[in-house]
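Okay, here's what each chain looks like letter by letter:
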Amino acid sequence: MHLSVKIFIALVLSVVVGLIAGPDSLGFINWWIAPIGTMFINLIKMMIVPVVLTSLVVGMTGLGDIHKLGRIGGKTILLYLMTTAVAITFGFIVAGIVHPGVGLDLAQAGEVKIKEAPSIMQVFVAMIPANPVSSMAKGDILPVIIFALFVGVGIIKVGGERAKLLTKFFDACAEVSYVIIGFVMEVSPIGVFCLLLPVVAKNGPAVLLPLLSVIICVAIGCALHAFIVYSALAKFGAHMSLKKFFSGMSEAWLIAFSTCSSSATLPVNMKNCQEKLGMSRDVTSFVLPLGATINMDGTAIYQGVCALFIANVFGIDLSFTQMLMIILAGTLGSIGTAGVPGAGLIMLAMVLQTVGLPLEGLALVAGIDRVLDMFRTSINVLGDGAVCAVINETEKEYNNNAA
Ligand code: ASP
């Protein structure tokens, strides 16, 4: 049986069993099942820093020269930012039509502690690693990316035999990382089941119902973005059939849905894009790790919906300028959103702060954040794949023209 089918079955099973088991069985589930899910997440996390570091360096050195690097880097970042800005707008449009949160009582959500959000400048400062080893140890991916970019540029600049030696070394390390990821993927259906079961058993349908409108808005926004923007990118930008694109991405999508982490899904996404969608290793090794960290379309949709939802709950009318500010802050904020579960909630705090919306509203969203995270992370990952497909195609055309 195909791996993505197995993962899907595990996902459906976890929902059915979770609903039957309910909160009464949480003691048993948390003791016996949840730790297996954590082990699975740890297995994936174990590979994040090695994959990001090695594949980015290999990706850059594979590009060969600084000009090519500048060309691909420029296109990639531009496309990532553009799709993110469009994504927030989709969030606004859907929430503007559905009006989530009208009539909701704030007291329902209870008290939730939210970490203080960094300012945009703090996000930029934190991108530069004072100590790359410490960033790797802490799993801070953005500084690791910046470090890898410098190493890659350094290797290209050094050139000659010494550069070849280092390139081979990083290439071999990347290869070993992919092999290990293959092992981890084999057990992913078990991991997915054990991760989702506690979430379903704990939340059940009753807790989700009052906030269903937000979930529906985020889900519709994500679906629209995928079917309009990604379909257009795949079809017109990458000349790829939609069936091929969406089915080729299915494993990555399902893993993103269940792990709520783009970083954790990165290894699977790389494998899918290379093996199922036939993208070049050079391009995927550069575009996807960058995307897993700076491209967060699903998170952007969620920020648009939640900002309007919170404004509705507190009876505030958002002005057009405030909406523009949310788009700008959300787009920049998505660069600093780590590809880990729940990171979007912290960046939402930054967005709310930017336009002066009450942070108390976060408590409402926090209660259903895990469910929202599933939708937004899958879109974050799909978006990386779609942009990567376009860059891959334009590079093919560029290489053909240059030949
Ligand atoms: N969990 C998301 C991701 O990994 C980030 C977020 O919380 O929005 O892509």
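(A) Here's a closer look at the overall build of the protein chain. Tallying secondary structure elements over the protein chain gives 19 helices and zero strands in all. In summary, the protein chain has a C-alpha radius of gyration of 21 Å against a globular reference of 22 Å for 403 residues, a match within 12%. Principal-axis analysis of the C-alpha atoms gives the protein chain an extent of 65 × 50 × 45 Å. Put simply, the protein chain has 403 residues, and 54% of those count as buried. Across the protein chain, the fraction of contacts at a sequence separation of at least 24, relative to all contacts at a separation of at least 6, is 85%. Of the accessible surface of the protein chain, which amounts to about 17,200 Å², a share of 70% is contributed by carbon and sulfur atoms.

(B) Seen up close, the nonpolar core. Counting 125 residues, the largest nonpolar core has Tyr230, Phe245, Val287, Val365 and Leu372 as its most contacted members. The element that contributes the greatest number of residues to this core is helix α19 (residues 369–402), accounting for twelve residues. Excluding residues that lie within four positions of it along the chain, leucine 372 makes contacts with Val214, Ile215, Val218, Tyr302, Cys306 and Val365. In terms of nonpolar packing, the next biggest core, distinct from the first, is built from six residues, Leu26, Ile33, Leu197 and Ala201 among them.

(C) Expanded view of the packing of aromatic side chains. Throughout the structure, instances matching the rule amount to five aromatic pairs. When the centroid spacing of 5.4 Å and the interplanar angle of 75° are considered together, the rings of phenylalanine 169 and phenylalanine 170 count as edge-to-face. Looking at phenylalanine 169, the relative accessible area reads 48%, which means it is partly exposed. Measuring from centroid to centroid gives 5.8 Å for phenylalanine 257 and phenylalanine 375, while their planes differ by 85°, and the two rings are edge-to-face. Separated by 118 residues along the polypeptide, phenylalanine 257 in helix α12 (residues 250–259) and phenylalanine 375 in helix α19 bring together distant segments of the chain. Under the relative-accessibility criterion, phenylalanine 375 is labelled partly exposed at 25%.

(D) Broad picture of the site of the ligand. Residues in contact with the ligand amount to 16 residues; listed here are only the nearest, Ser262, Thr299, Gly344, Asp373 and Arg376. Take cysteine 260: an N or O atom from its main chain is 2.9 Å from a nitrogen atom of the ligand. Between glycine 344 and the ligand, the recorded distance is 2.6 Å, taken from a backbone N or O atom to an oxygen atom. Relative to its unbound accessible surface of 270 Å², the ligand loses 100% to contact with the protein. Looking at the shell around the ligand, the elements with two or more residues in it are α17 (343–355) and α19. Sorting elements by how many residues they give to the shell around the ligand places α19 first, with four residues.

(E) Molecular detail of helix α2 (residues 26–46). Largest kink in α2: about 40°, centred on isoleucine 33, with the proline proline 35 one to four residues after it. Of all the residues in α2, the buried ones are Leu26, Ile29, Ile33, Ala34, Gly37, Phe40, Ile41 and Ile44.

(F) Layout of the environment of alanine 226. Its location among the elements puts alanine 226 in helix α10 (residues 212–237). If near-sequence neighbours (up to four positions away) are discounted, alanine 226 is found in contact with Ser231, Phe246, Ile379 and Leu382.

(G) Representation of the pattern of salt bridges. On inspection of all chains with the given rule, the structure shows ten salt bridges. A salt bridge links lysine 164 to glutamate 161, with the shortest nitrogen-to-oxygen separation between them at 3.5 Å. You can see lysine 164 and its partner glutamate 161 sitting in helix α8 (residues 160–186), three residues apart, about one turn around the helix. Between arginine 281 and aspartate 171 there is a salt bridge, and its shortest N-O distance comes to 3.3 Å. Here the residue arginine 281 occupies a position in helix α14 (residues 281–294), and aspartate 171 occupies one in helix α8, the gap between them amounting to 110 residues. Judged by relative accessible area, arginine 281 falls into the partly exposed class, the value being 27%. Members of the salt-bridge network, linked through shared partners, are Arg71, Lys75 and Glu395.

(H) Highlighting α17. By the criterion of burial, α17 is predominantly enclosed, with ten of the 13 residues buried. Among all positions of α17, only Ala343, Gly344, Leu345, Met347, Leu348, Ala349, Met350, Val351, Leu352 and Val355 are buried. Just downstream of α17 lies glycine 356, where phi reads positive at about 75°.

(I) Examining the packing of helix α13 (residues 262–276) against α14 more closely. Running from amino to carboxyl end, α13 crosses α14 at an angle of 155°, the nearest separation of the two axes being 10 Å. By the angle between their directions, the pair α13 and α14 is classed as roughly antiparallel. Our pair here, α13 against α14, has a crossing hand that is right-handed. Contact with α13, carried on its side by Ser262, Ser263, Leu266, Asn269, Met270, Cys273 and Gln274, involves Arg281, Thr284, Ser285, Leu288, Pro289 and Ala292 of α14 and no other residues of that element. Residue composition of the contact of α13 with α14, by class: six nonpolar, six polar and one charged.

(J) The confidence of the model for the protein chain, seen in detail. Per-residue confidence for the protein chain gives a mean pLDDT of 85; residues scoring 70 or more make up 92%. Of the regions scoring below 50 in pLDDT, residues 106–114 engages in twelve contacts with residues more than four places distant in sequence or in other chains.

(K) Structural context of unusual backbone geometry. In the Ramachandran plot, histidine 239 falls in the positive-phi region, its phi being about 50° despite a non-glycine side chain. Within the fold, histidine 239 resides in the loop between α10 and α11 (242–248). When its relative accessible area of 53% is taken as the criterion, histidine 239 is described as exposed. A positive phi angle, close to 55°, is found at cysteine 260, a residue other than glycine.

Criteria and thresholds
Residues numbered from 1 in each chain as written. Predicted model: local features only at pLDDT ≥ 70, side-chain atom pairs only at ≥ 80, totals over all residues. Heavy atoms only, no water. Helix = DSSP H or I, 4+ residues; strand = E, 2+ residues; numbered from the N terminus. Rg over C-alpha atoms; globule rule 2.2 N^0.38 Å. Buried < 20%, exposed > 50% of the residue type's maximum accessible area, 1.4 Å probe, protein only. Contact = heavy atoms within 4.5 Å. Areas by Shrake-Rupley, 256 points an atom, 1.4 Å probe, with all protein chains shown as cover. Core = buried A, V, L, I, M, F, W, Y, C linked by side-chain atoms within 4.5 Å. Phe/Tyr/Trp six-rings, centres within 6.5 Å; stacked < 30°, edge-to-face > 60°. Near = heavy atom within 4 Å. Polar contact = N/O pair within 3.5 Å; in protein donor to acceptor, adjacent residues only side chain to side chain. Bend = angle between axes of the 7 residues up to and from the residue. Salt bridge = Lys/Arg side-chain N within 4 Å of Asp/Glu carboxyl O. Axes fitted to C-alpha atoms, helices over the stretch in contact; angles between N-to-C directions. Parallel < 35°, antiparallel > 145°, perpendicular 65-115°, else oblique. Left-handed = near helix turned anticlockwise from the far one by under 90°. Nonpolar A, V, L, I, M, F, W, Y, C, P; charged D, E, K, R; others polar. pLDDT = per-residue confidence, 0-100.

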